[in-house]
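Listed here are the chains, written in short residue letters.
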Amino acid sequence: MKDLFAVIMLSGIYGLLSASFFVAMDAVDVAFTEASVGAGISTLLMLAAITMTGRSEHPVRHKPVLALAVVIVTGSLLIYGTLDMPYFGSAEAPVHQHVAPRYINDSMQEVGVPNIVTSVLASYRGFDTFGEVVVIFTAGMGVLALLSVVRHPKGVAGDIEEIDSLNKSMHEEHLILRIVAKMLIPFILLFALYVQFHGDYGPGGGFQAGVIFAAAIILYTMLFGMSTARRVINQSLIQLFAAIGVLVYGSVGVISLLEGKHFLDYSALSADPVAGQHLGILLIELGVGITVASVMVIIFFNFAGRKDDQQNKENNES
Amino acid sequence: MILGLYNYWIVVVLMMVGFYIVIAHGNLIKKIVGLTIFQTSVFIFYISMAKVDGGTAPILAEGIKQYSNPLPHVLILTAIVVGIATTALGLALTVRIKEAYGSIEEEEIQEKDNLDC
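Residues numbered from 1 in each chain as written. Chains lettered and ligands numbered in written order. Predicted model: local features only at pLDDT ≥ 70, side-chain atom pairs only at ≥ 80, totals over all residues.

Draft legend 1. Quick look at the overall build of chain B. The secondary structure content of chain B amounts to four helices and zero strands. Scanning chain B from its N terminus toward the C terminus, one meets helices and strands in the order α-α-α-α. Relative to the compact-globule value of 13 Å for 117 residues, chain B shows a C-alpha radius of gyration of 20 Å, a clear excess of over 25%. Of all 117 residues assigned to chain B, the portion counted as buried reaches 56%. Counting contacts in chain B only where the partners sit at least 6 residues apart, residues at least 24 apart contribute 40% of the total. (Helix = DSSP H or I, 4+ residues; strand = E, 2+ residues; numbered from the N terminus. Rg over C-alpha atoms; globule rule 2.2 N^0.38 Å. Buried ≥ 20, exposed ≤ 12 C-beta atoms within 10 Å, placed from the backbone. Contact = placed C-beta atoms within 7 Å.)

Draft legend 2. Here's a closer look at the nonpolar core. Formed by 114 residues in total, the largest nonpolar core has its most connected members in A:Leu45, A:Met296, A:Phe300, B:Ile47 and B:Ala88. For this core, the element with the highest residue contribution is helix H12 (residues 273-317) of chain A, accounting for 15 residues. The residues touching A:Leu45, leaving out its near neighbours within four places in the chain, are A:Ile299, A:Phe300, A:Phe303, B:Ala88 and B:Leu91. (Core = buried A, V, L, I, M, F, W, Y, C linked by C-beta atoms within 7 Å.)

Draft legend 3. Representation of the interface of chain B and chain A in the model. If you look at the interface, chain B gives 63 residues, while chain A gives 75 residues. Of all the elements in the fold, those that place two or more residues in the side of chain B that touches chain A are helix H1 (6-24), helix H2 (28-50) and helix H3 (70-101) of chain B. Looking at the side of chain B that touches chain A, the element that brings in the most residues is H3(B), giving 23 residues. Among the residues making up the side of chain B that touches chain A, the classes are represented as 39 nonpolar, 17 polar and seven charged. (Nonpolar A, V, L, I, M, F, W, Y, C, P; charged D, E, K, R; others polar.)

Draft legend 4. View of the packing of helix H6 (residues 126-147) of chain A against H3(B). Remark: H6(A) packs on H3(B), axes separated minimally by 9 Å, with the N-to-C direction vectors making an angle of 15°. In terms of orientation, H6(A) lies roughly parallel with respect to H3(B). Considering only the axes of H6(A) and H3(B), their crossing is left-handed. Here H6(A) contributes A:Thr129, A:Glu132, A:Val135, A:Ile136, A:Ala139, A:Gly140, A:Gly142, A:Val143, A:Leu146 and A:Leu147 to the contact with H3(B), which in turn contributes B:Thr78, B:Val81, B:Val82, B:Ala85, B:Thr86, B:Ala88, B:Leu89, B:Ala92, B:Leu93, B:Val95 and B:Arg96. Its residues assigned to classes, the contact of H6(A) with H3(B) comprises 14 nonpolar, five polar and two charged. (Axes fitted to C-alpha atoms, helices over the stretch in contact; angles between N-to-C directions. Parallel < 35°, antiparallel > 145°, perpendicular 65-115°, else oblique. Left-handed = near helix turned anticlockwise from the far one by under 90°.)

Draft legend 5. Spotlight on the packing of helix H1 (residues 4-24) of chain A against helix H2 (residues 28-53) of chain A. All names here are of chain A. Orientation of H1 relative to H2, taken along the N-to-C sense of each, is 175°, at an axis distance of 7 Å. If you check the angle between H1 and H2, you find them roughly antiparallel. Across the interface between the two elements, Leu4, Phe5, Ile8, Ser11, Gly12, Gly15, Leu16, Ser18, Ala19, Phe22 and Val23 of H1 pack against Val28, Val30, Ala31, Glu34, Ala35, Gly38, Ala39, Ser42, Thr43, Met46, Leu47 and Ile50 of H2. For the contact of H1 with H2, the per-class residue count stands at 15 nonpolar, seven polar and one charged.

Draft legend 6. Highlighting helix H3 (residues 64-82) of chain A. Taking 1.5 Å per residue as the helical rise, H3(A) with its 19 residues ought to reach 27 Å, and the 27 Å between its terminal C-alpha atoms agrees with that figure. The element H3(A) is barely covered by neighbouring structure, given that only one of its 19 residues are classed as buried. (Expected span 1.5 Å × (residues − 1).)

Draft legend 7. The environment of A:Val37, seen in detail. Looking at the element boundaries, A:Val37 is found in helix H2. For the pair A:Val37 and A:Leu282, spaced 245 residues apart in sequence, the C-alpha separation works out to 22 Å. Among all residues touching A:Val37, those that are not within four sequence positions of it are A:Ser42, A:Val211, B:Ile80, B:Val81 and B:Ile84.

Shown next, in the form of structure tokens:
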């Protein structure tokens, strides 16, 4: 397919399909994340990227026969390798023998959170999750370093002018979309908060909530324009928030260190170990949510802002 | 029954589709889409390993004996979000390459590089 727009739309549909597949495989938390990330944010970011890189592909290919041969050989070797694997759905598979029974049987006493995925994510493997949050933060900083532009062409007065003209044009284009979005955005934000704080009991948690929260802000930006969104959401503030999320997570770990326990051992946070676990999970999920939401918004703003700047440059030159 | 392994075969097919796109296409955006397909096939690999026959979602409730394995779910949940962050970084690089070279086709970029030396 030569039209990249169609390619990206298809990959969005693929993301949604794999999310429904994850529901069928009992992985509700994962499905939640995949639906918001694979079908939502990643499609959006790719679309933002092709607005800058052009939407058609040149039909040149590197030796397709050679590539096909490599792929077929690798594929058959991998399929040969699966012959020793345990059968699908078998309860005796090695993966179910090691630590998983401990999580399933003891997590209620040790952590006191019904959603095992949350208790493993935030408590048993809290250190891993910390590393992942730092990776997301670093990726956000990377995008910022690559795409960020110094904005000075118009200043605040120019921005207000632009917003005025946008508001006037609002009566002509996307009227229904804008009004429906205005009604929907509070509910999307509310739903994100629900997902954030209900993650202990049902599917959800900081990662999903952060992405949904960012989606609401991105929806607003797309319909009301970058300059309106820039006035509502301060760029440097959101960058600060991305760092605060990581800091909240890290300082929970440091507090337990200062109390004489291991890093991220939440029983240090309260006299009752289970209450300490609850508090610790709440705090670090909050940190995760803040970082994920701000990094997603930063990434989108930088893609969209770059596009605006390119247009400005072209207008100035012509 | 050897057919009990079909989940791995689906994963291998998806993975090879993604791999083919990455090596056979010169367009950088398509390469990133190919990487995403490759990545999702690994997610499906982990999640299908976690499935236990007759199990339910790993949220503790009264009267349920068999749960699916929560550990792969945790690994993949974080992997998805890290995946989107790195994809965004890749797209950002693509945008900068477009600005620097005026093209996102691998061969044209190569030609321009060769002219420079």
